Amino acid sequence: MVNIFSFSSMHLTRENAVIHFFVVSLAAILTIKLLDLAIRSEYQTNHQIDGQTFQTSIWCFGKGNHNERKCRAINICYESNHDQFLFINGPSSIQSGLPSDLYSPCIATLSSVRDHNQYYFNYVTIDHRFLSNLTANINFTLITKPTLIFGRFKPDNLMHSLHDDIIPLLWTLLGLGWYKDYTLFAFDSWPAYDTISFNRIIYRKLFAVNEILDKTSQQPSQAGVKNPLSRLICFKEAWFGLDKETVWYQYGFRSPQGPVNYTGSSGSSIFKVSEILRKKFSRDGKHKCPKKVYGILLSRLVNRKLLNQREIVNQFSSSGIPLIPMTVDLNADKSNSLLTVINKVICAQLLIGVHGSGLILSIFLPTGSHLIELFPYGIEPDLYTPYKTLASNRNLIYHSWVNSNISHTITHPEYPAYLGGIEHLPKPEQSRIKQLGRKLDVHLCCNDPNWLFRIYQDTKVDIDDFSEKIGLDQIAAKKISSHHNSDLSPGPVMNSNCSYSDENNGFMITWEDPWNLNYNRITNQISYEILVDNKDGTSLGPLFTSSNLFHLSHPGRKDFLVWIRCQIGKRRGPFHYILCVK
């Protein structure tokens, strides 16, 4: 006899299983649809675009040349087959702020490196009525999120990647107010960013993007497409060019390498961006450091080596500064060795290393720390100053040491030419280059064999000479200061007065501090600049004082103007004038 209750229970269980299957399937389908919708909201792939509504407009800003100009565009496209940007011209299109000649030499530069023709931005025009003809035979992608289009200069080098690409990119995004929901498009011929291991680490730490588009990537081929290797990428909104405010060095393409000409706020900008980097890369986000004092020695294992590294470590340890040797392995992605080194540098009181790209990590040092740069024999440190310049803007204490003992150097004529080898050169030229006592000629970037031969020497450091010249005892005795230059902008001086005294045979000029100084913490010395206008086309000054009074001998006139302004650090306030009458 069949148990009716058992049968009923079995029937309900099967029914529940069927219901459960349909619910799970429906949920899976909905999830896929939602993900597909989310993807399509950022990347839309179609074969037709409405040329009546999809028309390009562009606005460029900056009265200077192409190096200073930056542009915002809507509905602009990149066509890969001809490697050109396309302006879809129609009755609604706007072109504003463009130079009269788009090819003299370009509209704007996409890299922070000035005047490099690989990163010029221009476009060609097509009529909006023919847009559908183009998209019918090409892979088409529409990027709906705001996109910053830039060019990477040399992303396989740590110094260049940070100085030329990543820091200007970060600074530009801050200026645009783009913190999320944006896209990056690398307009260059370098490999994809995530194939360069340390790029992948740094970009993912700093930028709120899942991927970075680049012009060398290829879209998958599609059935019916005549030229599957060609593609058209269109951007609903695009920004062309990087802010160069944080760029502190030029590499000598047109004139010998050296610091760039700063704007008034460049030093402050470099300091601020370094603090952002320190916070982003700190494990706790607040870079809380232990009280224990230590330094970092950057080791080079392949070339430009220190031959007595252990002696250097021992010398610092005996002076009370434990020195930790660390190697920056840019290819060690899994172990994140770069992040390990950065987190150590963030709390170090000292960083030392041979001139090279690793010293860019000094941007992560705490304010007031020491940076010690070592140079091989025959190099003049004052001619090669990317890290000295950085230190001055980061308020680091910079020291340089150059090997002065020719017996303490090992040269490598057998190296490849790009690493300083010279065996490919004629014998007389080799002989001349090997004369290391000869002063190195001023040179341009980037293949001068004299410079490369010298900079790739291995060096034995003379410990006594090194300790004396950098003042190791003084370094060990001083505490690290967190002081940094104020970027306070003072207002005009107040309540100025000018009175004549026969007793002093001159004028006594007094004034009060700008009012806003009472609402700021002043960390810099305050000074005052004074100009005297005799009202006859002659003048006196500028004169400087650190007090709020100034004695001026009688200039032989009954009345004249005195102009006064306050200065704090590198920031100057407005001039205020007072009439002096005898």
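So, here is what we can say about the structure in this document.

1. Observations regarding helix H3 (residues 158-176)
End to end, H3 covers 25 Å across 19 residues, agreeing with the expected 27 Å (1.5 Å per residue, within 8%). Of all the bends in H3, the greatest, near 30°, is centred on Ile166, and the proline Pro168 appears no more than four residues after it. In terms of burial, H3 is a largely internal element, 16 of the 19 residues being buried. The opening residue of H3 is Asn157, an N-cap whose side-chain oxygen sits 3.0 Å from the backbone nitrogen of Met159.

2. A short note on the pattern of salt bridges
For the coordinates displayed, the defined rule picks out 16 salt bridges. For Glu237, the salt bridge identified is with Arg72, shortest N-O distance 3.2 Å. With a gap of 165 residues between them, Glu237 in strand S13 (residues 231-240) and Arg72 in strand S3 (residues 70-79) connect regions that are remote in the sequence. On the basis of relative accessibility, which here comes to 29%, the residue Arg72 falls in the partly exposed class.

3. Side note on the packing of aromatic side chains
Under the definition given, this model contains 28 aromatic pairs. Ring centres of Tyr384 and Trp451 lie 4.2 Å apart, and the angle between their planes is 20°; on these two criteria the pair is classed as stacked. A residue pair is termed long-range when its members are at least 10 positions apart, and Tyr384 in the loop between strand S19 (370-375) and helix H8 (386-394) and Trp451 in helix H10 (residues 449-455) qualify at 67 residues. The exposure classification of Tyr384 matches that of Trp451, with both residues buried. Taking 5.3 Å as the distance between ring centres and 65° as the angle between the ring planes, the aromatic pair formed by Trp511 and Tyr528 counts as edge-to-face. Taken as a pair, Trp511 in strand S24 (residues 506-512) and Tyr528 in strand S25 (residues 526-533) lie far apart in primary sequence, 17 residues in all. You can call Trp511 buried: its relative accessible area is 4%. One aromatic cluster is present, built from ring pairs that chain together Tyr78, Phe85, Phe87, Phe121, Tyr123, Phe185, Phe187, Phe235 and Phe240.

4. Some words on the packing of H3 against helix H5 (residues 266-281)
Two numbers describe how H3 lies on H5: the axes approach to 11 Å, and their chain directions differ by 95°. On the basis of their axis angle, the class for H3 and H5 is roughly perpendicular. Here H3 contributes Ile167, Leu170, Trp171 and Leu174 to the contact with H5, which in turn contributes Ser269, Lys272, Val273, Ile276 and Leu277. Looking at side-chain class alone, the contact of H3 with H5 contains 7 nonpolar, 1 polar and 1 charged residues.

5. Concerning the sheet that holds S24
If you walk across this open sheet you meet the 3 strands as S23-S24-S27, and the pairing is antiparallel. Each end of this open sheet is capped by a strand with a single partner; those strands are strand S23 (494-501) and strand S27 (549-553). Within the sheet, the average angular offset between the axes of one strand and its neighbour, ignoring direction, is 15°. Looking at chain direction, S24 and S27 are connected through 5 bridges and run antiparallel. Its bridge partner lying in S27, Phe507 is registered against Leu552.

6. Looking at unusual backbone geometry
Of note, the amide linkage connecting Ser104 to Pro105 takes the cis form, showing an omega dihedral of -10°. Here Pro105 shows up in the loop between strand S5 (95-96) and strand S6 (108-109). Following Gly541, the chain continues into Pro542 via a peptide bond in cis, with omega recorded as 10°. Within the secondary structure layout, Pro542 lies in strand S26 (residues 539-545). Phi angles above zero are rare outside glycine, and Arg304 is one such case at about 55°. Within the fold, Arg304 resides in the loop between strand S16 (295-298) and helix H6 (309-318). The phi dihedral of Asn395 is positive, around 55°, even though this residue is not glycine. Mapped onto the secondary structure, Asn395 falls in the loop between H8 and strand S20 (397-402).

What counts, and at which threshold
Residues numbered from 1 in each chain as written. Predicted model: local features only at pLDDT ≥ 70, side-chain atom pairs only at ≥ 80, totals over all residues. Heavy atoms only, no water. Helix = DSSP H or I, 4+ residues; strand = E, 2+ residues; numbered from the N terminus. Expected span 1.5 Å × (residues − 1). Bend = angle between axes of the 7 residues up to and from the residue. Buried < 20%, exposed > 50% of the residue type's maximum accessible area, 1.4 Å probe, protein only. Polar contact = N/O pair within 3.5 Å; in protein donor to acceptor, adjacent residues only side chain to side chain. Salt bridge = Lys/Arg side-chain N within 4 Å of Asp/Glu carboxyl O. Phe/Tyr/Trp six-rings, centres within 6.5 Å; stacked < 30°, edge-to-face > 60°. Axes fitted to C-alpha atoms, helices over the stretch in contact; angles between N-to-C directions. Parallel < 35°, antiparallel > 145°, perpendicular 65-115°, else oblique. Contact = heavy atoms within 4.5 Å. Nonpolar A, V, L, I, M, F, W, Y, C, P; charged D, E, K, R; others polar. Pairing = 2+ DSSP bridges.

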